[in-house]
Amino acid sequence: MGEKILVSGGAGYIGSHTVLQLLLGGYETVVIDNLDNSSVVAIDRVRFLAAQYAPNLSFHQVDLRDKPALEKLFASEKFDAVIHFAGLKAVGESVHKPLLYYDNNIIGTIYLLEVMAAHGCKKLVFSSSATVYGWPKEVPCTEDFPINALNPYGRTKLFIEEICRDVYQSDSEWKVILLRYFNPVGAHPSGDIGEDPHGTPNNLMPFVQQVAVGRRPALTVFGTDYNTVDGTGVRDYIHVVDLAEGHSAALRKLADPSIGCEVYNLGTGKGTSVLEMVAAFEKASGKKIPLVKAGRRAGDAEIVYASTDKAERELNWKAKYGIEEMCRDQWKWASKNPYGYGSPEPAT
Ligand code: NAD
Ligand code: UDP
């Protein structure tokens, strides 16, 4: 039996893809998730895709802020490491409900770290975000850039990074890898698992996908006057399967005795504009995406993409897929599951 990994938020978009990858890699995987932004159907689908490895996955519907439940779990099982995805991630909502975000993301993480320490499990991989680069003064972003945050969601990532650094400073038995994801998109090539956000999607590609399947009439393009190739914002889109593999690479790195608390970018190193991404999706899906041009979205940066040198050098990891594969697999997921894991919303 391989190592046993606790995955918080493992029913979510990135978590479900990572759990599948871990199972196929021989890990035993225990998922905790409160299903606030996910469905237990994702876990069933992961089991199906994992085939003979499915018995190595167990699921507990637990909220991270339920400390007694965390205690009980850690008392009954021994974990080699934790991958911590669980958190709320909607930027706009975080502006309106900052205390909810601080409570869920930060208090949840503190409880997790406390319970891990109490049970001698001191290996952690945490989902940080390129959002901590804010509007970077240059690109590509390297891990030593100054970090700042433009909204409460971003601040939760920044604070948790700092908390992890402090925890490591206080106790060098900890090994922590902070992964700064750029823009995860796409789905598993089977089309059986993918992103299924509750409510109106905030991110570009889930929105584009919902337009393609007829759930929304048009995509609003936020900002057409940026100093970019076509005036629209540029981001570093990364296939979720590549991102999931980055977590396996991070777990392998945690076995390195010299590691303390390290941060790595997970991106492709390439920038793509909103219009380029829409064109790639139209090509992959054969669907026309109607556009409505609008002003810039508050807090958006112009161009953000990663330097991938550190992850390539130290994690021995590099993204394999380009935007064609991202759009192809996202469309496979969308066309097989136009309403995600659920049933159509009732007509209004
Ligand atoms: P997601 O919403 O699909 O997954 C997060 C999961 O955490 C959900 O299943 C949710 O139900 C669960 N959760 C939330 N609060 C919880 C709590 N208190 N207790 C237990 N479970 C809880 O999001 P995702 O896109 O898979 O993102 C995973 C992580 O990566 C998040 O921390 C997110 O902030 C970070 N991240 C995401 C992106 C992105 O664009 N998707 C980019 C950078 C960083
Ligand atoms: N975007 C857009 N319309 C949308 C959602 C996003 O034009 O409905 C743009 C956004 O302004 C940015 C890019 O798409 O330039 C990526 O946005 P997303 O929210 O996916 O990622 P982030 O801005 O957090 O990197």
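Look above for the structure.
Residues numbered from 1 in each chain as written. Chains lettered and ligands numbered in written order. Predicted model: local features only at pLDDT ≥ 70, side-chain atom pairs only at ≥ 80, totals over all residues. Heavy atoms only, no water.

K.L.:
Explain the pattern of salt bridges here, please?
P.N.:
Side chains bearing opposite charge may pair, as long as their charged atoms lie close to each other. The full count for this structure, using the stated rule, is 23 salt bridges. Of the charged contacts, one joins K97 and E93 as a salt bridge, the two residues approaching to 3.8 Å between their closest N and O atoms. For K97, a relative accessible area of 44% corresponds to the partly exposed category. On the accessibility criterion, E93 (30% relative accessible area) is partly exposed. For R296, the salt bridge is made with D225, and the minimal N-O distance between the two is 2.9 Å. With a gap of 71 residues between them, R296 in the loop between strand 13 (291–294) and helix 10 (309–315) and D225 in the loop between strand 8 (219–222) and strand 9 (234–235) connect regions that are remote in the sequence. We classify D225 as exposed; its relative accessible area is 53%. When salt bridges with common partners are traced through the structure, they connect E161, E162, R165 and R180 into a single cluster. (Salt bridge = Lys/Arg side-chain N within 4 Å of Asp/Glu carboxyl O. Buried < 20%, exposed > 50% of the residue type's maximum accessible area, 1.4 Å probe, protein only. Helix = DSSP H or I, 4+ residues; strand = E, 2+ residues; numbered from the N terminus.)

K.L.:
Mind showing me how you'd approach the site of ligand 2 here?
P.N.:
Around ligand 2, the structure places 14 residues, and the nearest of them are L204, T220, R235, R297 and D300. Contacts to ligand 2 include T220, whose backbone N or O atom sits 2.7 Å from a nitrogen atom. In isolation ligand 2 exposes 520 Å². Once the protein is present, 88% of that is buried. Here the element with the most residues in the shell around ligand 2 is strand 8; it accounts for four residues. Among the residues making up the shell around ligand 2, the classes are represented as six nonpolar, five polar and three charged. (Near = heavy atom within 4 Å. Polar contact = N/O pair within 3.5 Å; in protein donor to acceptor, adjacent residues only side chain to side chain. Areas by Shrake-Rupley, 256 points an atom, 1.4 Å probe, with all protein chains shown as cover. Nonpolar A, V, L, I, M, F, W, Y, C, P; charged D, E, K, R; others polar.)

K.L.:
Which parts of the structure should I look at to understand empty space enclosed by the protein?
P.N.:
Summary: where empty space remains is shown by rolling a probe the size of a single water molecule over the atoms. What the rule picks out here adds up to one cavity of 30 Å³ or more. For the largest cavity, the calculated volume is near 30 Å³. Together, E195, D196, P197, Q209, Q210, R215 and G340 line the largest cavity. When its residues are assigned to classes, the lining of the largest cavity shows one nonpolar, three polar and three charged. (1 Å grid on protein atoms, 1.4 Å probe; cavity = no way out; pocket = protein on both sides within 12 Å on 5 of 7 lines; lining within 4 Å. Points joined across faces, edges and corners; volume = space filled by probe spheres on them.)

K.L.:
For this particular structure, what's the right way to read the packing of aromatic side chains?
P.N.:
Within a pair of aromatic rings, the relevant descriptors are the distance that separates the centres and the angle that separates the planes. This model, assessed by the stated rule, comprises seven aromatic pairs. Plain terms: the ring middles of F281 and W331 are 6.0 Å apart, the flat faces sit at 90° to each other, and that makes the pair edge-to-face. With F281 in helix 9 (residues 274–285) and W331 in helix 11 (residues 323–336), the pair connects residues that are 50 residues apart, well separated along the chain. Here F281 and W331 have matching classes, each one buried. (Phe/Tyr/Trp six-rings, centres within 6.5 Å; stacked < 30°, edge-to-face > 60°.)

K.L.:
What is the right way to read the packing of helix 3 (residues 67–76) against helix 5 (residues 98–118) from this model?
P.N.:
Helix-helix packing is characterised by the crossing angle of the two axes and by the distance between the axes. Close contact between helix 3 and helix 5 brings their axes to 10 Å; oriented N to C, the two are set at 30°. Put simply, helix 3 runs roughly parallel to helix 5. Once helix 3 is placed against helix 5, the crossing between them reads as right-handed. Contact with helix 3, carried on its side by K67, L70, E71 and F74, involves Y111, L112, E114, V115 and M116 of helix 5 and no other residues of that element. Looking at side-chain class alone, the contact of helix 3 with helix 5 contains six nonpolar, no polar and three charged residues. (Axes fitted to C-alpha atoms, helices over the stretch in contact; angles between N-to-C directions. Parallel < 35°, antiparallel > 145°, perpendicular 65-115°, else oblique. Left-handed = near helix turned anticlockwise from the far one by under 90°. Contact = heavy atoms within 4.5 Å.)

K.L.:
What exactly am I supposed to notice about the sheet that holds strand 1 (residues 4–8) here?
P.N.:
Whenever strands of a sheet pair, they do so through backbone hydrogen bonds, lying parallel or antiparallel. Taken in spatial order, the seven strands line up as 3-2-1-4-5-6-11 in an open sheet, and their pairing is parallel. The sheet is open, and its two edges are formed by strand 3 (57–61) and strand 11 (261–266), each paired on a single side. Neighbouring strand axes in the sheet, compared pairwise and without regard to direction, differ in orientation by 20° on average. Bridging between strand 4 (residues 81–84) and strand 5 (residues 123–129) involves three bridges; their strand directions are parallel. Residue pairing across strands places H84 opposite F126, the latter belonging to strand 5. Helix-sheet contacts for helix 1 (residues 13–24) involve strand 1, strand 2 (28–33), strand 3, strand 4 and strand 6 (175–181), and the interaxial angle to strand 2 is about 165°. Across the face of the sheet, helix 8 (residues 240–253) comes into contact with strand 1, strand 4, strand 5, strand 6 and strand 11 while running at roughly 160° to strand 6. (Pairing = 2+ DSSP bridges.)

K.L.:
Explain the nonpolar core to me, please; I cannot follow it from the model alone.
P.N.:
For soluble globular proteins, the rule of thumb is that nonpolar side chains tend to be buried together. Among the nonpolar cores identified, the biggest contains 44 residues, and I5, L179, L251, L266, L315 and W317 are the most heavily contacted of them. Taken together, the elements giving at least two residues each to this core come down to strand 1, helix 1, helix 2 (40–50), strand 4, strand 6, helix 8, strand 11 and helix 10. With residues near it in sequence (within four places) discarded, L266 still touches L179, R180, Y181, F182, I238, L243, G246, H247, A311, L315 and W317. L6, L70, V115 and L178 belong to the second largest nonpolar core, which has 25 residues in total. (Core = buried A, V, L, I, M, F, W, Y, C linked by side-chain atoms within 4.5 Å.)

K.L.:
When you look at the site of ligand 1 in this model, what are you seeing that I'm missing?
P.N.:
If you check the shell around ligand 1, you find 28 residues, and the closest are D33, S38, F85, K89 and Y153. Within the backbone of I14, a nitrogen or oxygen atom sits 2.8 Å from an oxygen atom of ligand 1. Between K157 and ligand 1, the recorded distance is 2.9 Å, taken from a side-chain N or O atom to an oxygen atom. The set of elements that each furnish at least two residues to the shell around ligand 1 consists of helix 1, strand 5 and helix 6 (152–170). For the shell around ligand 1, the element with the highest residue contribution is strand 5, accounting for three residues. Among the residues forming the shell around ligand 1, the class breakdown is 12 nonpolar, 10 polar and six charged.

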